[in-house]
Amino acid sequence: MSAVKRLDYSFDVEQLQSDLEVILQVGDINRQGQLCLTYCPHKRHHPNGKLYQGAGSLIKRLVLKGEPLEWEMVDDPLDESDFTDFIPDLKHLYVYQVYNELKKQFHIGRMRIVTLNPTQCLSWHKDVSQRIHIPIEQNFGSMLVVDDQVHKLSVGNTYLVNTTLMHSAFNGGFEPRFNLLTSTVPTEQEKRDFFELYEK
């Protein structure tokens, strides 16, 4: 069974690309390679705003205290299930319709714009739950590797990826890659499996 499953959605790529331009103007994606479109209204806030509350790790955060940015461990880590709201200032964008459409089928948490710059590669890792990928801008050298299988995700499609398996992604092209990445909220079994791995 493939770790990457194409889903039956037909989202408007041109509108997502237009939204991408807007989002990149209101947040600095180069800080962590991602900006979060959902947030936790009743949990700790990120000192630099909602776009960064769910960007990167949920147990540590990059904070602008001067130059350079610094990692700060958090005392109250967040969970995917905490990300219940879409950022109000971005609800006029088409991506909010995408969010609501995905919510009809999936229990989702963080929705993020993620990028990989040319020649960049992610570490070999696994996540606690599956992810939904919607490529917005791709290139010929951008690949996803899951359990030693290489996958090329195409703009215009939506994919459910079993990122509870070991995986990575790399951009061997000449232009940045941008995906809309949505995390599913982990089941109790997924949580047990994930944390048992790191207790060994």
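Everything here concerns the structure above.
This is a predicted model, so every value here is computed, not measured. (Residues numbered from 1 in each chain as written. Predicted model: local features only at pLDDT ≥ 70, side-chain atom pairs only at ≥ 80, totals over all residues. Heavy atoms only, no water.)

1. Quick word on helix α2 (residues 95-103)
The condition is simple: Relative accessible area decides the class of each residue, using a 1.4 Å probe on protein chains only: under 20% of the type maximum gives buried, over 50% gives exposed, and in between gives partly exposed. Helix and strand assignments come from DSSP, with helices taken as H or I runs of at least 4 residues and strands as E runs of at least 2, each series counted from the N terminus. This arc is taken over the directions from the axis of the helix to the C-beta atoms. We call two residues in contact when some of their heavy atoms are within 4.5 Å.
All buried positions along α2 are accounted for by V95, V98, Y99 and L102. The buried residues of α2 occupy an angular sector of 100 degrees when the element is viewed end-on, so they sit on one face. Tucked inside the fold, the buried residues of α2 contact α1 (13-26), β3 (38-39), β6 (85-86), β7 (108-116), β8 (131-137) and β13 (177-184).

2. Some details on the sheet that holds β8
For clarity, the threshold we go by: Two strands are said to pair when DSSP picks up at least two bridges between them. Every angle, taken between N-to-C directions, lies between 0 and 180 degrees, and every axis is a line fitted to C-alpha atoms, over only the stretch in contact when it is a helix.
Strand order in the open sheet formed by 6 strands is β1-β11-β8-β13-β7-β2, with antiparallel pairing between adjacent strands. Edge strands, defined here as strands with exactly one partner in the open sheet, are β1 (4-7) and β2 (34-36). The mean inter-strand angle of the sheet, taken between neighbouring strand axes irrespective of direction, is 25 degrees. Together, β2, β7, β8 and β13 form the strand contacts of α1, whose direction differs from that of β8 by roughly 85 degrees. Sitting on the sheet, α2 is in contact with β7, β8 and β13, with an inclination near 135 degrees to β7.

3. Some remarks on the pattern of salt bridges
Selection rule: Think of a salt bridge as a Lys or Arg side-chain nitrogen and an Asp or Glu carboxyl oxygen that are within 4 Å of each other.
Taken as a whole, this structure holds 6 salt bridges when the rule is applied. A salt bridge links D82 to K43; the shortest N-O distance between them is 3.4 Å. With D82 in the loop between β5 (70-73) and β6 and K43 in the loop between β3 and β4 (60-63), this pair connects stretches of sequence that are 39 residues apart. Under the relative-accessibility criterion, K43 is labelled partly exposed at 40%.

4. Some remarks on the side chain of T115
The following threshold applies: Pairs of N or O atoms within 3.5 Å make up the polar contacts considered here, provided that, within protein, one atom can donate a hydrogen while the other can accept it, and that residues adjacent in sequence are counted only when both atoms are side-chain atoms.
With respect to the element layout, T115 can be found in strand β7. Within the structure, T115 has its side chain in polar contact with the backbone oxygen of R177 (distance 2.9 Å). When near neighbours in sequence (up to four residues on either side) are disregarded, T115 contacts I29, G33, Q120, P176, R177 and F178.

5. What to know about α1
Inclusion rule: The span you would expect from a helix comes to 1.5 Å times its residue count less one.
For α1, built from 14 residues, the straight-helix expectation of 20 Å at 1.5 Å per residue is met to within 8% by its first-to-last C-alpha distance of 20 Å. Here the buried face of α1 lies against β2, α2, β7, β8 and β13. Between the side-chain oxygen at the start of α1 and the backbone nitrogen of E14 there is a gap of 3.0 Å, and the oxygen is on D12.

6. With respect to the packing of aromatic side chains
Put simply, the test is: Stacked, edge-to-face and tilted are the three classes for Phe, Tyr and Trp ring pairs, Trp counted by its six-membered ring, which pair at centre distances within 6.5 Å; planes under 30 degrees apart are stacked, over 60 edge-to-face, the rest tilted. A ring is considered to have a charge above it if a Lys NZ or an Arg CZ atom is located within 6 Å of its centre and within 35 degrees of its normal.
Counted according to the given criterion, the structure contains 5 aromatic pairs. Judged by centre distance (6.1 Å) and plane angle (20 degrees), the rings of Y96 and Y99 are stacked. In this pair, Y96 and Y99 are both assigned in helix α2, 3 residues apart and thus about one turn of the helix distant. For Y99, a relative accessible area of 3% gives the class buried. Where F140 meets F174, the ring centres are 5.9 Å apart and the plane angle is 50 degrees; that geometry is what we call tilted. In this pair, F140 sits in the loop between β8 and β9 (142-146) while F174 sits in the loop between β12 (167-171) and β13, placing the two residues 34 residues apart along the sequence. For F140, a relative accessible area of 58% corresponds to the exposed category. Of the aromatic side chains, those joined through ring pairs into one cluster are F86, Y96 and Y99. Its end group placed over the ring of Y39, K50 keeps NZ or CZ at 5.2 Å from the ring centre.

7. Thoughts on the sheet that holds β9
The 3 strands are arranged β10-β9-β12 in an open sheet whose pairing can be described as antiparallel. The open sheet is flanked by β10 (149-151) and β12, the only strands paired with a single partner. For this sheet the average axis-to-axis angle between neighbouring strands, irrespective of direction, equals 25 degrees. Taken together, the 3 bridges between β9 and β10 define a ladder with antiparallel strand orientation. Within the sheet, the bridge partner assigned to V146 lies in β10 and is Q149.

8. Observations concerning the side chain of N179
For N179, the position within the fold is in strand β13. Polar contacts involving the side chain of N179 include one to the side chain of H133, which spans 3.0 Å. Setting aside residues no more than four positions away along its own chain, N179 makes contact with R112, I113, V114, H133, I134, P135, I136, Q138 and L153.

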